[in-house]
Amino acid sequence: MRSIIEMAPLQVYYSGLLFTPESSLIRVRYFKNIPLITMEPKVADMWGSLIQTLEGHTGWANSAVFSPNGKLVASASDDTTVRLWDASTGKQCTVLEGHTWDVNSAEFSPNGKLVASASWDHRVILWDISTGKQYGVLEGHISGVRSAVFSSDGKLVVSVSRDGTVRLWDTSTGKQCGVLEGHTDDVNSAVFSPDGKLVVSASQDKTVRLWDTSTGKQSGVLEGHTSSVNSAVFSPDGKLVASASDDKTVRLWYTPTGKQYGVLEGHTDVVKSAVFSPDGKLVASVSWDEPVRLWDISTGKQCGVLEGHTDAVSSAVFSPDGKLVVSVSWDRTVRLWDTSTGKQCGVLEGHTDRVNSAVFSPDGKLVASASEDKTVRLWDTSIGKQCGLWEGHTSLVNSPVFSPDGKLVASASSDYTVRLWDTSTGTQCGVLRGHTSRVNSAVFSPDGKLVASASRDKTVRLWDTSTGKQCGVLEGHTDDVNSAAFSPDGKLVASASWDKTVRLWDSLTGKQCGVLTGHTNWVHSAVFSPDGNIVASTSADKTVRLWDTSTGKQCGVLEGHTDRVNSAVFSPDGKLVASASADKTVRLWDTRNKTTIEIIETHDTIKITKFSNGGRYLHTSHGILQLKPSLHSGGNRELPHTLTHSLDVTDQWITCNMKKLLWLPVEYRPYCSAVNDTANILVIGTAHGRVIFISFDFTALPTAYLQPSVQVAVIEGKGFLGLDC
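Let us look at the structure shown here. Just so it is clear, the model here is predicted, and its values are computed rather than measured.

**Examining the sheet that holds strand S26 (residues 301-306)**
Hydrogen bonds between backbone atoms are what pair the strands of a sheet, whose relative direction is either parallel or antiparallel. Spatially, the 4 strands line up as an open sheet ordered S23-S24-S25-S26, and their pairing is antiparallel. Two strands bound the open sheet, and with one partner strand each, they are strand S23 (271-276) and S26. Ignoring strand direction, the axes of neighbouring strands in this sheet form an average angle of 25°.

**Observations concerning the environment of Val263**
Tracing the chain through its elements places Val263 in strand S22 (residues 259-265). Classification of Val263 by relative accessible area gives partly exposed; the value is 30%. For the pair Val263 and Thr249, spaced 14 residues apart in sequence, the C-alpha to C-alpha distance is 6.7 Å. Apart from residues no more than four positions distant in its own chain, Val263 is found in contact with Thr249, Val250 and Arg251.

**Points about the side chain of Asp186**
Of note, Asp186 is situated in the loop between strand S14 (176-180) and strand S15 (187-192). Residue contacts for Asp186: discarding those within four places in its chain leaves Arg146, Ser161, Arg162, Gly164, Ser203 and Gln204.

**Observations regarding the pattern of salt bridges**
Taken as a whole and judged by the stated rule, the model has 16 salt bridges. Notably, a salt bridge pairs Asp79 with Arg83, separated by 3.4 Å at the nearest N-O pair. Accessibility assignment for this pair places Asp79 and Arg83 in one class, buried. A salt bridge links Asp415 to Arg419; its shortest N-O distance comes to 4.0 Å. The residues Asp415 and Arg419 share a single accessibility class, namely buried. Several salt bridges converge on common partners, so that one network encompasses Glu22, Arg27 and Glu40.

**Comments concerning the nonpolar core**
Grouped together as the largest cluster of nonpolar side chains are 37 residues, with contacts concentrated most on Val73, Val115 and Val326. Counting 24 residues, the second largest nonpolar core, distinct from the first, contains Leu647, Leu682, Ile684 and Phe698.

**Comments concerning the pairing of strand S43 (residues 492-497)**
Summarising burial for S43: 6 of the 6 residues are buried, a large majority. Residues Leu492, Ala494 and Ala496 of S43 are buried on one face, and the alternating residues Val493, Ser495 and Ser497, pointing to the opposite face, are buried as well. As judged from the 5 bridges shared by strand S42 (residues 481-486) and S43, these two strands associate in the antiparallel manner. Across the sheet, residue Phe486 finds its bridge partner in S43, namely Val493.

**What to know about unusual backbone geometry**
Of note, Thr80 is a non-glycine position whose phi angle comes to about 75°, a positive value. Residue placement: Thr80 occurs in the loop between strand S4 (72-77) and strand S5 (81-86). The exposure class assigned to Thr80 is partly exposed, which follows from its relative accessible area of 25%. You will see that Lys542, though not glycine, has its phi angle at about 75°, which is positive. On the secondary structure map, Lys542 appears in the loop between strand S47 (534-539) and strand S48 (543-548). Note on Lys542: relative accessible area 39%, which makes it partly exposed.

**A look at the sheet that holds strand S51 (residues 576-581)**
Across the sheet, which stays open at both edges, the 4 strands sit in the order S50-S51-S52-S53 with antiparallel pairing between neighbours. Bordering the open sheet on either side are strand S50 (565-570) and strand S53 (595-601), each of which pairs with just one other strand. The sheet shows a mean angle of 20° between the axes of neighbouring strands, direction not considered. Across 6 bridges, strand S52 (residues 585-590) lies against S53 in antiparallel orientation. Residue Arg587 lies in a different strand from S53, and its bridge partner there is Ile599.

**A word on the packing of aromatic side chains**
Evaluation of the coordinates by the stated rule reveals 4 aromatic pairs. Arranged with centres 4.7 Å apart and planes meeting at 40°, the rings of Phe19 and Tyr668 form a pair that is tilted. A residue pair is termed long-range when its members are at least 10 positions apart, and Phe19 in the loop between helix H2 (15-18) and helix H3 (25-30) and Tyr668 in the loop between strand S59 (659-663) and strand S60 (672-676) qualify at 649 residues. Tyr668 matches Phe19 in its accessibility class, with the two residues each being buried. When the ring of Trp379 is compared with that of Phe693, the centres are 6.0 Å apart and the planes differ by 50°; the resulting orientation is tilted. Placement of Trp379 in strand S32 (residues 375-380) and of Phe693 in strand S62 (residues 691-696) is noted, with a sequence separation of 314 residues between them. We classify Trp379 as buried; its relative accessible area is 1%. Above the ring of Trp120, the side-chain terminus of Arg162 is found at 4.0 Å from the ring centroid. Against the face of Tyr668 rests Arg690, its NZ or CZ located 5.0 Å from the ring centre.

So, how was this worked out
- Residues numbered from 1 in each chain as written.
- Predicted model: local features only at pLDDT ≥ 70, side-chain atom pairs only at ≥ 80, totals over all residues.
- Heavy atoms only, no water.
- Pairing = 2+ DSSP bridges.
- Helix = DSSP H or I, 4+ residues; strand = E, 2+ residues; numbered from the N terminus.
- Axes fitted to C-alpha atoms, helices over the stretch in contact; angles between N-to-C directions.
- Buried < 20%, exposed > 50% of the residue type's maximum accessible area, 1.4 Å probe, protein only.
- Contact = heavy atoms within 4.5 Å.
- Salt bridge = Lys/Arg side-chain N within 4 Å of Asp/Glu carboxyl O.
- Core = buried A, V, L, I, M, F, W, Y, C linked by side-chain atoms within 4.5 Å.
- Phe/Tyr/Trp six-rings, centres within 6.5 Å; stacked < 30°, edge-to-face > 60°.
- Lys NZ or Arg CZ within 6 Å of the ring centre and 35° of its normal.

Here's what the structure looks like:
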């Protein structure tokens, strides 16, 4: 918790204690209750292997290594920097800046005085870590450099490049002293043997090659991988080589003969790197499947799984004493692990893979969550406990949706089906089969008697919920269909597609009754006005377009967003449209004169679900947004009087009225989230399958949190009010 305590000390009493494992002595001794929190999130039972999470890089982290004395960590990132960290405290010490493109690797010299960094800018830079200044620049590669490492005596550096060569450099002069040629494709890595007499290189040509450093001649070709080899390293005694490949395996080779010694299998995706422990008894491997895996060399068996990263892991290495592992990931973090445990941090009840979506039931008493673990789970929001596990899908579940009366849930899946579930009994009551590709979404008709499903097979299909029978196939789109929506009377269906059109269909006959063309990029969603006379569509072309359903003619283009528009809703009287965009704003539009009357900055990409009944607030996937009257509209919309708070969740923070409230540790950050506005309950689904609930008592907050900040901005020379996020 060091980083957040330094940034916001009071979070030691909130996040620091709230997210500490149940059996922690700190929690047992100090955690009585937090007045603000009325429902605590479920946390792990015990501490796991993770010791520190080092945050600071603004791009993917590609590699990390310990200094020879184990006191520092150097990490390389796509943000063009190398960062040095104190391994005992996690504090950032130095930022080495000078590369002009992504930095792929960083490596300490044997005496710990220099760092060599390799970059796509075709260069290797040597850094003096005592001053943070450049010591030398090694230039000669004609393409991006993937890695650079020192020899055991520090006199040489070996580098590999997309140009297909391995190059040797004299560190004292910066001069090139050898080019090792023989690979027939890009070279991904190269390292010296412990005695410096050999270099081993790994290539996309599916081979590992051994080279004699004194002559520059090839001394062996290790063949057996069936795909690109990403890295190869020597064991501490130099007798073995471990190679990691896109074929999902790590292979061990006996260097004197070049024979294969063993195959370490268990990863489910590309293996990026493997490294030996200092005593040569373990291998740590990293993969795009996210966990770091530890292997016992004597048995070839997996002996540990280090889980916590939320994206592909780029590399991992042992500390000099073998007690720690440092790993880096595309999740932009560097993590330190205790190898003596190799355990997970306790079992949390919930999904076993990424949570894609979480939605509240109409009465707010239940939450349905959908996951890549192929299940839908039902949760009781009053206690935050799982009350239903629905299994049956054979592939990831994209989204669940409740029927209008809350008695059914429809789940859309990549297994080409939609499944219906009874919320009272927890049983499956229908499998809707017919689609020939992934189902992107499903929606109930207003009376709950029909479901419309949208699919990558370019169709919308209608289903009778009482029988599970298909009652219509709506064909006409020429690309994936993203979503479908019923008109308020249920007589029409509007579908939005990658083919840049919105199509209108008669839900009774299945006949197409309109093709709405005008968007210049794919259409994300379409929604009807309350009277059903207008459809609003949102698109990657950054616009919202309005269409007359009786004629199919475009009757308005709402322009102003600077990125794709994801969702839009009408106000209850149909006079306003609210749209949410990837530009992290919500815009309020007057449908009569097609002008923006308010912009709300959200600092996150959200989805708008509906207006409140009086049209005073917007309900979103991240909570309530409070609307203000425009300064130039004559103040004709009444100011709200009853709303005193607005919950939101960003990458790191839960906020109230856009003010930071509770910091979320990395493992509890949302992949998806939803807010029950009336009960003040926030549900978060994480990339690792956790579903957590937090409920707040806003009477315990200082009054400053209960008043939205207001800023005055200018649109085309006219002032307006919006929330300052």
